[in-house]
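Residues per chain are reported as follows:
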Amino acid sequence: TPGETLTADIREQAEIAVTGADLVVFVADATTDVTDDDLGVARVLQRSGVPWLFVANKADSPAVESDLTHLWGLGLGAPIPISGLHGRNTGEFLDRLVEALPDDVDGEADPDTLASLAIIGRPNVGKSTLLNRLAGEDRVLVSDVPGTTRDPVNLVVDIDGEPFEVIDTAGIRRRTRIADDT
């Protein structure tokens, strides 16, 4: 069915983004319980061998920030609580992001090769909002409607004077949860 094809395409896009990335930012929703989709994304990430940062977006208040124990079950360590929409803790996130980027092995950067960062997670956890925050402007459409991002969006973003490619993936959804025949 068209819905199953869409899910397979989204999962494949995310897996390609992960394997092609130097670093992955896995974004989960701080305000909702862990879903099978979250577990599936976490397993893809764990199998990949690619370094990651685990982010809990929508941590818009100290109360939400202090109640992230439900996300520990994903086996990805402590999530970094942020609010992409309000900019809460994004400075700390950027510091951790810069620290986690791989060092240049031979000491000479290839000017034609940018470090790449993939943003993955299930629909409506704030992946595109986070990308807009990293870019410093609204470069990607953001909506409350799940599935707004249907294809990977690649942008070059400048962080601390260094350009790198950011890949915002479509949210990974289970086939049974897709009713849309787009």
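Thresholds, definitions, all that
- Residues numbered from 1 in each chain as written.
- Predicted model: local features only at pLDDT ≥ 70, side-chain atom pairs only at ≥ 80, totals over all residues.
- Heavy atoms only, no water.
- Salt bridge = Lys/Arg side-chain N within 4 Å of Asp/Glu carboxyl O.
- Helix = DSSP H or I, 4+ residues; strand = E, 2+ residues; numbered from the N terminus.
- Buried < 20%, exposed > 50% of the residue type's maximum accessible area, 1.4 Å probe, protein only.
- Core = buried A, V, L, I, M, F, W, Y, C linked by side-chain atoms within 4.5 Å.

Enquirer: Break down the pattern of salt bridges for me, citing the residues and quoting the values.
Expert: The full count for this structure, using the stated rule, is three salt bridges. The residue Lys58 makes a salt bridge to Asp29 at a minimum N-O spacing of 3.3 Å. One end of the pair, Lys58, is in the loop between β2 (52–57) and α3 (62–65); the other, Asp29, is in strand β1 (residues 23–29), and 29 residues separate them in sequence. A residue is classified by how much of its surface remains accessible, and Asp29, at 6% relative accessible area, is buried. Between Glu92 and Arg96 there is a salt bridge, and its shortest N-O distance comes to 4.0 Å. Note that Glu92 and Arg96 are positioned in helix α4 (residues 90–100) at a spacing of four residues, about one turn of the helix.

Enquirer: Which residues make up the nonpolar core, and what values do they have?
Expert: Judged by nonpolar contacts, the single largest core of 22 residues is most densely connected at Val25, Phe93, Leu97, Leu117, Ile119, Leu134 and Val157. Of all the secondary-structure elements, those providing two or more residues to this core are β1, β2, α4, β4 (115–120), α5 (127–135), β5 (153–159) and β6 (162–168). The dominant element in this core, judged by the number of residues it contributes, is α5, at four residues. Ala21, Phe26, Ala42 and Ile120 belong to the second largest nonpolar core, which has 21 residues in total.

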